[in-house]
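Structure assessment
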Amino acid sequence: NAIKTSKYNLFSFLPLNLFEQFSRLANAYFLFLLILQLIPQISAVPWFTTAVPLLIVLSVSGVKDANDDINRHKQDKQVNNRKVKVLIHGELREERWMNIQVGDIIKLESNQFVPADLLLLSSSEPLNLIYVETAELDGETNLKVKQALTVTGEMGDNMDDLSAFRGELRCEPPNNRLDKFKGTLTVDGQQHGVDNDKILLRGCTVRNTEWCFGLVIFAGSDTKLMQNSGRTTFKRTRIDQLMNILVLCIFGFLATICAIMTVGHAVWEVNEGSAFTAFLPRQSGVDIPLSSFYAFWSYVIVLNTVVPISLYVSVEMIRLGNSFFIDWDRKMYYPKKDTPAQARTTTLNEELGQIKYIFSDKTGTLTQNIMTFNKCSINGRNYGRNLTPAASLHNKNTERVDFSWNQLADPKFVFHDYSLLKTMKEGNLEAQAFFRLLALCHTVMPEENLPGELNYQAQSPDEDALVTAARNFGFVFRSRTPESITVMEMGRKVTYELLAVLDFNNVRKRMSVIVRDPEGRMTLYCKGADTIIYERLHPSCSKLKDITTTHLNEYAGDGLRTLALAYKDLEKSYMERWLERHHEASTAIEGREDKLDVLYEDIETDLMLLGATAVEDKLQDGVPHTIEQLAKADIKIWVLTGDKQETAENIGYSCNMLREEMEIFVVTANTANESGRGATASYNKTQTVPDETVNGEYGLIINGHSLVRSCFRHQTVSVISESERRMQSLGSWSYTAYRSAYALQEDLELELLRTACMCKTVICCRVTPLQKAMVVELVKKYKQAITLAIGDGANDVSMIKAAHIGVGISGQEGMQAVLSSDFSFAQFRYLQRLLLVHGRWSYIRMCKFLQYFFYKNFSYTLVHFWYGFFCGFSAQTVYDDWFITMYNMVYTATSVLALGLFDQDVNDRWSFRYPQLYSPGQLNTFFSKKTFVRCVMVSTYTSLVLFFIPWAAMQDSVRGDGKDVADYQSFALSTQTSLMIVVSAQQMFLDTFYWTAINQFFLWGSIAAYLAITFTFFSNGLFFVFTSSFPFIGTARNSLKQPNVWLTMFLTCLLCVLPTVAFRFLHMQLRPTITDKKFSRKNKVRYKAREEGQPAPAPYRPPPRRVSTRRSSYAFSHSQGYGDLVTSRKFLRLKRRPSLFGRNQSPLVENQPQRYRTITEE
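These numbers come from a predicted model, not from an experiment.

Cut-off values and rules
Residues numbered from 1 in each chain as written. Predicted model: local features only at pLDDT ≥ 70, side-chain atom pairs only at ≥ 80, totals over all residues. Heavy atoms only, no water. Helix = DSSP H or I, 4+ residues; strand = E, 2+ residues; numbered from the N terminus. Buried < 20%, exposed > 50% of the residue type's maximum accessible area, 1.4 Å probe, protein only. Contact = heavy atoms within 4.5 Å. Areas by Shrake-Rupley, 256 points an atom, 1.4 Å probe, with all protein chains shown as cover. Pairing = 2+ DSSP bridges. Expected span 1.5 Å × (residues − 1). Arc of directions from axis to C-beta. Axes fitted to C-alpha atoms, helices over the stretch in contact; angles between N-to-C directions. UniProt positions renumbered as here; feature names shortened; annotations may be inferred. Polar contact = N/O pair within 3.5 Å; in protein donor to acceptor, adjacent residues only side chain to side chain. Parallel < 35°, antiparallel > 145°, perpendicular 65-115°, else oblique. Nonpolar A, V, L, I, M, F, W, Y, C, P; charged D, E, K, R; others polar. Phe/Tyr/Trp six-rings, centres within 6.5 Å; stacked < 30°, edge-to-face > 60°. Lys NZ or Arg CZ within 6 Å of the ring centre and 35° of its normal. Core = buried A, V, L, I, M, F, W, Y, C linked by side-chain atoms within 4.5 Å.

Each helix and strand counted, the chain has 40 helices and 35 strands in total. By the burial criterion, 56% of the 1162 residues in the chain qualify as buried. Counting only contacts in the chain whose residues sit at least 6 apart along the sequence, the fraction spanning at least 24 positions is 75%. Of the roughly 50,600 Å² that the chain leaves accessible, carbon and sulfur atoms contribute 55%.

The next subject is the pairing of strand E22 (residues 510–516). Counting buried positions over the seven residues of E22 gives six, a clear majority of the element. Both strand E21 (residues 492–502) and E22 contribute to a ladder of five bridges, which runs antiparallel. Bridge pairing in E22 links Leu-498 to Val-515. Bridge count for E22 against strand E23 (residues 522–528) is seven bridges, and the pairing is antiparallel. Bridge pairing in E23 links Arg-510 to Gly-528. In this structure, the hairpin formed by E22 and E23 is closed by a connection of five residues, where Gly-520 is found at a positive phi of approximately 95 degrees.

What follows covers helix H18 (residues 592–603). Relative to the 16 Å expected for 12 residues at 1.5 Å per residue, H18 spans 17 Å between its end C-alpha atoms, a close match to the ideal helical length. Buried within H18 we find Leu-596, Leu-599, Tyr-600 and Ile-603. Here the buried residues of H18 occupy an arc of 100 degrees about the axis, which is enough to place them on one side. For H18, exposure combined with an orientation more than 90 degrees from the buried face picks out Asp-594 and Val-598. Tucked inside the fold, the buried residues of H18 contact E21, E22, E23, strand E24 (561–570) and helix H17 (572–586).

It is worth spelling out the sheet that holds E23 at this point. If you trace the nine strands from one edge of the open sheet to the other, you get E16-E15-E25-E24-E23-E22-E21-E20-E19, paired in antiparallel fashion. Two strands bound the open sheet, and with one partner strand each, they are strand E16 (381–383) and strand E19 (475–480). Neighbouring strand axes in the sheet, compared pairwise and without regard to direction, differ in orientation by 30 degrees on average. Along the sheet face, helix H16 (residues 542–557) touches strand E15 (367–378), E16, E24 and strand E25 (608–619) and points at about 0 degrees away from the line of E25.

Below, the discussion takes up the sheet that holds strand E6 (residues 143–147). Strand order in the open sheet formed by three strands is E6-E5-E11, with antiparallel pairing between adjacent strands. Looking at which strands have only one partner, the edges of the open sheet turn out to be E6 and strand E11 (205–207). Looking at each pair of strands side by side, their axes are set apart by 45 degrees on average, direction ignored. Bridge count between strand E5 (residues 129–133) and E6: five bridges; the pairing is antiparallel.

This part takes up the UniProt feature "active site" (unreviewed entry) in the chain. UniProt annotation of "active site" (unreviewed entry) refers to Asp-361 when read in the numbering used here. Relative to the helices and strands, Asp-361 is located in the loop between strand E14 (355–360) and E15. Leaving out residues up to four positions away in the same chain, Asp-361 has contacts with Leu-366, Leu-640, Thr-641, Lys-772, Ile-790, Gly-791, Asp-792, Asn-795, Asp-796 and Met-799. Polar side-chain contacts of Asp-361 include one of 3.4 Å to the side chain of Lys-772.

Between helix H12 (residues 418–425) and helix H13 (residues 429–440), the shortest axis-to-axis distance is 8 Å and the interhelical angle comes to 100 degrees. By the angle class used here, H12 and H13 are roughly perpendicular. Counted together, Leu-420, Thr-423 and Met-424 of H12 and Ala-431, Gln-432 and Phe-435 of H13 form the full contact between these two elements. Of the residues in the contact of H12 with H13, the class split is four nonpolar, two polar and no charged.

Taken as a whole and judged by the stated rule, the model has 53 aromatic pairs. With a centroid separation of 5.7 Å and 75 degrees between ring planes, the pair formed by Phe-32 and Trp-297 is classed as edge-to-face. With Phe-32 in helix H2 (residues 25–37) and Trp-297 in helix H9 (residues 288–302), this residue pair connects regions lying 265 residues apart in the sequence. Residue classification places Phe-32 among the partly exposed residues on the basis of a relative accessible area of 38%. Trp-297 sits in the partly exposed class, given a relative accessible area of 21%. Ring geometry for Phe-1001 and Phe-1002: centres 5.8 Å apart, planes at 50 degrees, overall tilted. What links up through ring pairs into an aromatic cluster is the set Phe-865, Trp-866, Tyr-867, Phe-869, Phe-870, Phe-873, Phe-947, Phe-948, Trp-951 and Phe-971. One Lys or Arg, Arg-913, reaches over the ring of Trp-910 and ends 5.1 Å from the middle of that ring.

Leu-311, Phe-849, Leu-850 and Phe-883 are the most contacted members of the largest nonpolar core, which has 88 residues in total. With 17 residues, helix H28 (residues 830–868) is the largest single contributor of residues to this core. What Phe-849 contacts, discounting residues up to four positions off in sequence, is Leu-311, Ser-314, Val-315, Ile-318 and Val-896. Phe-403, Phe-413, Ala-431 and Val-513 belong to the second largest nonpolar core, which has 52 residues in total.

Attention now goes to the environment of Gly-183. Here Gly-183 shows up in strand E8 (residues 183–187). Its relative accessible area of 14% is what places Gly-183 among the buried residues. Distance in space between the C-alpha atoms of Gly-183 and Gly-193 is 6.2 Å, their sequence separation being 10 residues. If we skip the residues at most four places from it in the chain, Gly-183 touches Arg-170, Cys-171, His-192, Gly-193 and Val-194.

The next subject is unusual backbone geometry. Positioned with a positive phi, His-89 is a non-glycine residue whose angle comes to about 50 degrees. Mapped onto the secondary structure, His-89 falls in the loop between strand E1 (83–88) and strand E2 (91–96). Despite not being glycine, Asp-634 has its phi angle at roughly 65 degrees, a positive value. Relative to the assigned elements, Asp-634 resides in the loop between helix H19 (623–632) and strand E26 (636–640).

Moving on: H12. Along an α-helix, residues three or four positions apart point the same way, because every turn accommodates 3.6 residues. Leu-420, Leu-421, Thr-423 and Met-424 are the residues of H12 that are buried. Down the axis of H12, the smallest arc covering the buried residues is 155 degrees, so these residues share one side. Exposed residues lying more than 90 degrees from the buried face of H12 are Lys-422 and Lys-425. Buried-residue contacts for H12 involve E15, E16, H13 and E19. Directly beyond the C-terminal end of H12, a positive phi value near 80 degrees is found at Gly-427.

Set out below in structure tokens:
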């Protein structure tokens, strides 16, 4: 059962890591270059100029990889060493998870994680039930019920029976379907069907169950959770991929110019070389062809700086620095959980500035998964007020209602309308009937651990919110038996006889109970989707129906989830006949469901409308604003959730992703023909799907069944007695597999993508973790766009791994998503700062850095090319050897690092104010192949000026004493000094928008370091000590004394910079970028503010209400069958049931108000 996510061990780290690093083309190239420099015949520069940077690169990358793998080892060790009780030789022993094997029988207790995929054998609960929470699998925190087979449940916790258990389980092989399982258990020659309701999956948590026993079916990587986790891929940014292409182009460019110099060398040797042999004789055995061969490799070494290895060192350092800025950002720190933002991967920062598609989970990511009772309509009167802080500041009627008069009230319940409490205390019959219905019509289980301390165990947070509301307004649900429900009504204890539960299902979209009160009156109470309830109302309710409809539209406009409530008084004679028919239908062998549906339809007619409820599925703070900001930045958000369609649709409206003016397409097909109906375009041969412009706004909602359906292979596992299991290997594999896909079939996937990309909003509901990853892969495959996936649970891991960028939220569902992510934080609202500020800055900084780096190195290197025509193509260098060694590592390293770490074109406030500034990154505007070609052209011009202006100016010049100035060393000094001034000072001044003390220090420090080192290395002292290493004696002080040398350098620098300044000025005037436009507007705003003073704050205006024609359907996270369970005679016991979890720990029972904190950037 051990899992392994690490890559290395102590012995394999060094060879594997070096192999991976030298698999990078650049590292292999520099290793080859180092080998060439060790050959004296062709080496023109010292070997250490390449060896030291290469060693630094390998060391930094190796330390980072080792640290990442150590963290993976720690995570694996933590999981594998968890303890669980295993039945061994008739007794329970604690074993580590890693030692569990297929066929083991293990014991689990309440609140324990399930360590492997198990077949449930028995449990402590009646009917062998067990309650599990599957938040790690599908994101849902409502409880789900599993039930063991009767044949295994009879063993209970008898160790002898469990140890002697023998049988054979034939089931499907490991697969990723969380909602399907097919198998057959053979015991004593009898076969018993095994489905998903009898399986406990790894990642589930046992709740509300004292103990249970399970048989291990799948372990380790074979479990469904691990099958859905997806494989970890090495992520590279788009800029990395572009750099690889550019490096190949540069290699071709380098080979070309080296070939040109080689041809030139051969021609020069034939025509001019014989004239120099008198004082420069050739080596013996070296003829012209061999000399030309040497010249080629010598120029490879001399011109290698077009791709300097310091580029990769600097890139890693800039990424690491920008990662620290994310870690240190206090505005992304969540104090409630003491959780800062964290950059878990340091190689993807600039890609945060290029995101086009965001794939988001719903539960725990957009929402808190906490329901609150906000508003209600009772007998045509509207109760409840908005809870936004802005509204409460301007309305004194929004004070919190005091429920201290009710000793059984939930202290965490919040309501903001005293008029409803007043109505209840006045004894209003309709209001009392309203809350009586909420207290009776549900499947909630009460627990009273201490007198007066009630805990509700609800199947869904929606039901908990409604029953808690009734509790606080005086109708307290206290207890239930299979035949009765006890309620405290305004302090009076009333016990109702429970005659029938008309259970919920996805077709009915409603639930009803039939009860008899102590006076003998029988009443049917019904709650459900308003459209369903309206069809069954008595005609006398038409006026009340119209008023309630208005309120429902108002609630839907606020994004609340609504239910309609109704009742019906029943006659005794009718009920006697109905109950007889109900008994016959419920015991029928064939057509039981159809017969019950007919009975339910018969009695749920002529209902009397009571009103409607409005429950808020509380969003995380700032979610609508964040989505609005990201939409303005032209980022498309797709919601991929395991929740049902109605729930996902409601959240879409709450987040303003779906709007009333949108035309919504809902795809719920069950066959490939239905999914593809209407598809007219064929894209089978198309590698990309282009963006298309459409008129109008559209939304798409599609479910998991329409996306893909898989039919899996069959597996046979033999189960023998426990005492023999450890001595034998189990089972045999025999399987056949096939998969039939619907919308994700090859012939339909492009049509799906084309349709989805034309929609403003896409919501995929009821999707499995693997389907989430498939949707992400589909967009990655056919759209030239960067994707980001964000989630908070284990069910989001595969999606997070599949996207270019994975973001984990440390929420209610554990840390699995965070551990698999590239970036993590605590709240969804921080995503806008991560992208619009840090992502945008990182992208712009990296692009500026790359442009500047290629510019300075091409300008530096091409001077050697022009010099080759004047030195007989001998591969002699223009510059001093020490300048060559320090140019990239010392003189120009720090200033360009400061540019890549601290530059900002606009500050964070303007980034939020104008999200449109994000768009250049999506279009890859600032660094592309076109940008690189333009950079090479400018560098070529600069190199021409750097070489030929000093050459022409100094060729025939003399000093004041009549001596020549034009010697090689003086020319080298003037050329390299001009180069330093151009690339370090003037170019940096043009590229830097945001000056800091660090920028200034590095810039002027580079110039000062160059001058100090130059004067030191050209001094007499070092020459006398190391004569061969420092030959430029006295060159600096002699040359820099001459005014014509300074005038030459000034002219050279001026001619280098003037064309760049002119081009940028014209480009800003004729074709301004979006940043240029915002700069212009920013300056106008500042000028106006100085002239007129700061404007007064705008008066508060409540947000306009959205007029809605859409009302929420029955959006509870219910599962059919709970009505039968709560009425089962074996379901309830007199002894107190263990609590699901502590009162202060549950996300379901907490009912605190949402304190919305607006995002203000200071």
